[in-house]
Structure formats: structure tokens, C-alpha cells
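# Summary of the model geometry
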Amino acid sequence: MEGGRLAITGAGATFPYPLYSRWFSDYSRQHPDVAIDYQSIGSGGGIRQLINKTVFFGATDGPMTEEQLRGAGGGILHVPTVLGAVVPAYNVPGVETPLNFTGPLLAEIFLGKVTRWDADPIRQLNPGVSLPSSDITVIHRSDGSGTTYIWVDYLSKVSDTWKSQVGVATSVAWPAGVGGKGNEGVSGLVRQTPGSIGYVELIYALQNDIDYGAVQNAAGTFVRASLASVTAAAAGAAASIPDDFRVSIVQAPGADAYPIASFTWILLREDGGDPARARAMVEFLRWALTEGQATAEDLGYARIPPTVAEKAIAALSRVRT
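The shown structure was predicted, so the numbers you read here are calculated from the model rather than taken from an experiment.

### Details of the overall build of the protein
- Helix and strand counts for the protein stand at 13 helices and 12 strands.
- Against the compact-globule benchmark of 20 Å for 321 residues, the protein has a radius of gyration of 20 Å, which places it among compact chains.
- Overall, the protein is about 60 × 35 × 35 Å in size when its C-alpha atoms are taken along their principal axes.
- Contacts in the protein between residues at least 24 apart in sequence constitute 76% of all its contacts with a sequence separation of at least 6.

As C-alpha cells, this is what we get:
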């Protein structure tokens, strides 16, 4: 307790940070006896701190691996909170029309094989767009990142070369480019670097007024990230989400689905730890999965499908309070 308030600490994903910051503030106003402090340090850091028990809860956009779950020394509940999109964000002076990308082209760019903005593969997807003959600067995350996990999970599904040479993880050995810390760091570098391309959660592109492209989905349609296209990507997963909630929805079927979308999760120990804090977090998550969902769309996130929210609320009973 701090000053009569129950203090709860958490850390992890930068992907949902704008929403979590709003949620924790709104919830504290409604429940002044609870203060939730969240550090936006990246999914890798959040998982590490949860395993080391230096925070009460973690947050991630990439599900914990079996090895990480074993290292945690007890059951970890993945509670899906909202859905978001990772977008190819770029800074190409003189280009006003949103650019089109395919998954294989994005893989080639991030592999360092397509290196100029006027390269044939980009020109062919963007007829009539005056592309500069300038070098591409690739910008990626430097920290362990759930946003990276979503991005490389997608690239691995559309590029066998990416899958075999780089793979899927919250941290990978990047073949090209420079790193920025957090969605904030990548957004800042893209804004400051003419000719650059990076990947960020949609809200960071919107808040920083960064251009972002349309990506060809599994149905062959070029789709820009939006609430509707992310919701469409989640629709197929809602009926078959596993009991542990660890699921990937990248490259989802459907003509309207945005292909680089994901759930994001809050991580809680099922053994509860401190009973008072466990009860408070369970109550917060019930609020987040119901009343809190109304705030999600204001900040560019898609609501959890009702069937998934109901299943997640029921799963909160696994946490010992």
C-alpha cells in the first residue's frame, strides 16, 4: 500500500501503451484505492520482468514460448485485451499517395535485397506514383518486442527465405537496417530519416503523422490498417481461439482483413501471488474487457470480439485470489 492506495506494477509491450495508459488512469479515477503503474519497455522486457517477479503483471504482443512459460515457474494466464495492427510506416519525400506493398516485397526490403525506392518491385505495385531514386533505410526495433514478433511472424508466413534465414521471435538477427527502442523510437527515426521504412503499431503512425502503406492480404486485396480491417482479421479467430489464448491472426482469411494484425495480452500468474493485488487485477481486467473496450476505438485499437471477451472473463477464475 502507498498512501492508502494499493500499488500494482506492470511492464511490457509498447504496442498497447497508449491505451493502457488511458485505461489505468480512467480506472484509478473510478477506483481511487487502486494505482496501477505500467512501464512501456517492450514485450521482451515485460516477459523477463514477470519471470523474475520484479513486476506483478507483464504485457506482450507475442505469446510466451514454452521455454519462457517453464522459466516462469508456474502457470501464466494470457488475457487478450484488444487488437491492433502493425503497419509499414515510411518517410518518402514527394510521395503523397499511400504506397502498396506485398508481403514478399516487405520481406525483400527488410532482408536488404530491395534497396531503392524506385526498384522495379515497388514501381510495379504503384503505377503512376513518382518514386525517388533514393536509398531505402530500414528501421527496426532494437529491443525485445512483441511488435517485432507480429511483424516477423507475418514475414515468415509470406516468405520462405525470411522463415529460414531470420525466423520468428521477439528479437531477431536483422539482416539490414538500424534499430530504435520501442514503437516510440522507431516512429521517431522514421520521422527524422528521409527514405526510411519501419514497422509500428497503427496508433503510433497516426499520432506521429507518419505515412503508412496498404498491404496485400491473403485474398489478394490491398488493405490499409483500420478498425474495420483489424476486426475482420479477428473474426476468423474468434470461433477457434485456444484455451490458453495464444494465437496468431496474421495473414487471416477474408477479403477485408488486414494481414498484419494481432491480439495483445496482459500476463498474470495463475497462483495469484499477493491476494489483494490479484483480486484488484482480476477486477481491472473484467472492467477492461467490458466497459474499457469503449475506449479502444478512440485510440485506433479494435475491440475484442464478444465471444473472446466472455471466454477471457471466464478464464480469470484461474487466478487464485
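From this point, the discussion proceeds with the structure in view.
### Side note on the side chain of Thr102
- Within the element layout of this structure, Thr102 appears in the loop between strand 5 (100-101) and helix 4 (103-110).
- The class of Thr102 is buried, set by a relative accessible area of 14%.
- At a separation of 3.1 Å, a polar atom in the side chain of Thr102 contacts the main-chain amide nitrogen of Leu105.
- Beyond its immediate stretch of four places on either side in the chain, Thr102 contacts Leu125, Tyr154, Gln216 and Phe222.

### A closer look at helix 11 (residues 275-288)
- With 14 residues, helix 11 ought to run about 20 Å at 1.5 Å a step, and its terminal C-alpha atoms sit 20 Å apart, in line with that.
- Inspection of helix 11 places Ala278, Ala280, Met281, Val282, Phe284, Leu285, Trp287 and Ala288 among the buried residues, and these make up the whole buried set.
- The residue sitting at the N-terminus of helix 11 and contributing the capping side-chain oxygen is Asp274; that oxygen lies 3.2 Å from the backbone nitrogen of Ala276.

### Description of the pattern of salt bridges
- By the definition in use, this model includes 13 salt bridges.
- With a closest N to O distance of 2.8 Å, Arg141 and Asp143 form a salt bridge. Here Arg141 matches Asp143 in class, with each residue buried.
- Residue Arg246 is joined to Asp244 by a salt bridge in which the shortest nitrogen-to-oxygen separation is 3.0 Å.
- Among the residues examined, Arg246 registers a relative accessible area of 22% and is labelled partly exposed.
- Among the ionic contacts, a cluster of salt bridges with common partners joins Arg22, Asp26 and Arg29.

### Considerations on the packing of aromatic side chains
- A full pass over the atoms with the stated rule returns 22 aromatic pairs.
- Between Phe24 and Phe57 the ring centres are 6.0 Å apart and the planes differ by 65°, which places this aromatic pair in the edge-to-face class. Residue Phe24 is located in helix 1 (residues 17-30), and its partner Phe57 is located in strand 3 (residues 57-60); the two are separated by 33 residues in the primary sequence. Accessibility classification places Phe24 together with Phe57 in one group, the buried group.
- The structure contains a cluster of three or more aromatic residues connected by ring pairs, namely Tyr17, Tyr20, Trp23, Phe24, Tyr27, Tyr38, Phe57, Phe284 and Trp287.

### Observations regarding the packing of helix 1 against helix 11
- Between helix 1 and helix 11, the least distance of the axes is 11 Å, while the angle of their chain directions is 110°. One way to sum up the angle between helix 1 and helix 11 is to call them roughly perpendicular. Between helix 1 and helix 11 lies a crossing whose hand is right-handed. Along the contact surface, helix 1 presents Trp23, Phe24, Asp26, Tyr27 and Gln30, while helix 11 presents Ala280, Glu283, Phe284, Trp287 and Ala288.
- Looking at the contact of helix 1 with helix 11 residue by residue, the class counts come to seven nonpolar, one polar and two charged.

### A word on the nonpolar core
- Counting residues in each nonpolar core, the largest one holds 112 residues, and the members touching the most others are Ile109, Trp151, Ile197, Phe263, Met281 and Phe284.
- Ranked by the residues each element gives to this core, the list is headed by strand 4 (residues 76-91), at 10 residues.
- Aside from chain neighbours lying at most four places away, what touches Met281 is Ile8, Ile36, Phe56, Phe57, Ile266 and Leu268.

### Structural notes on the environment of Trp174
- Here Trp174 shows up in the loop between helix 7 (160-165) and strand 7 (178-180).
- Judged by relative accessible area, which is 17%, Trp174 ranks as buried.
- For the pair Trp174 and Ile36, spaced 138 residues apart in the sequence, the C-alpha separation amounts to 35 Å.
- When neighbours within four sequence positions are excluded, Trp174 is seen to be in contact with Phe110, His140, Arg141, Thr148, Trp151, Val152, Trp162 and Tyr199.

### Things to note about the pairing of strand 1 (residues 6-12)
- Within strand 1, six of the seven residues are buried, which leaves it mostly tucked inside the rest of the structure.
- As defined by bridge partners, strand 1 adjoins strand 2 (residues 34-40) across seven bridges and the pair is classed as parallel. Paired with Gly12 across the two strands is Ser40, which belongs to strand 2.
- With helix 1 bridging strand 1 and its parallel neighbour strand 2, the resulting β-α-β unit is right-handed.
- Where strand 1 and strand 3 come together, three bridges link them in parallel fashion. Its bridge partner lying in strand 3, Gly10 is registered against Phe57.

About the cut-offs
Residues numbered from 1 in each chain as written. Predicted model: local features only at pLDDT ≥ 70, side-chain atom pairs only at ≥ 80, totals over all residues. Heavy atoms only, no water. Helix = DSSP H or I, 4+ residues; strand = E, 2+ residues; numbered from the N terminus. Rg over C-alpha atoms; globule rule 2.2 N^0.38 Å. Contact = heavy atoms within 4.5 Å. Buried < 20%, exposed > 50% of the residue type's maximum accessible area, 1.4 Å probe, protein only. Polar contact = N/O pair within 3.5 Å; in protein donor to acceptor, adjacent residues only side chain to side chain. Expected span 1.5 Å × (residues − 1). Salt bridge = Lys/Arg side-chain N within 4 Å of Asp/Glu carboxyl O. Phe/Tyr/Trp six-rings, centres within 6.5 Å; stacked < 30°, edge-to-face > 60°. Axes fitted to C-alpha atoms, helices over the stretch in contact; angles between N-to-C directions. Parallel < 35°, antiparallel > 145°, perpendicular 65-115°, else oblique. Left-handed = near helix turned anticlockwise from the far one by under 90°. Nonpolar A, V, L, I, M, F, W, Y, C, P; charged D, E, K, R; others polar. Core = buried A, V, L, I, M, F, W, Y, C linked by side-chain atoms within 4.5 Å. Pairing = 2+ DSSP bridges. Right-handed = clockwise from strand over helix to strand, strands pointing away.

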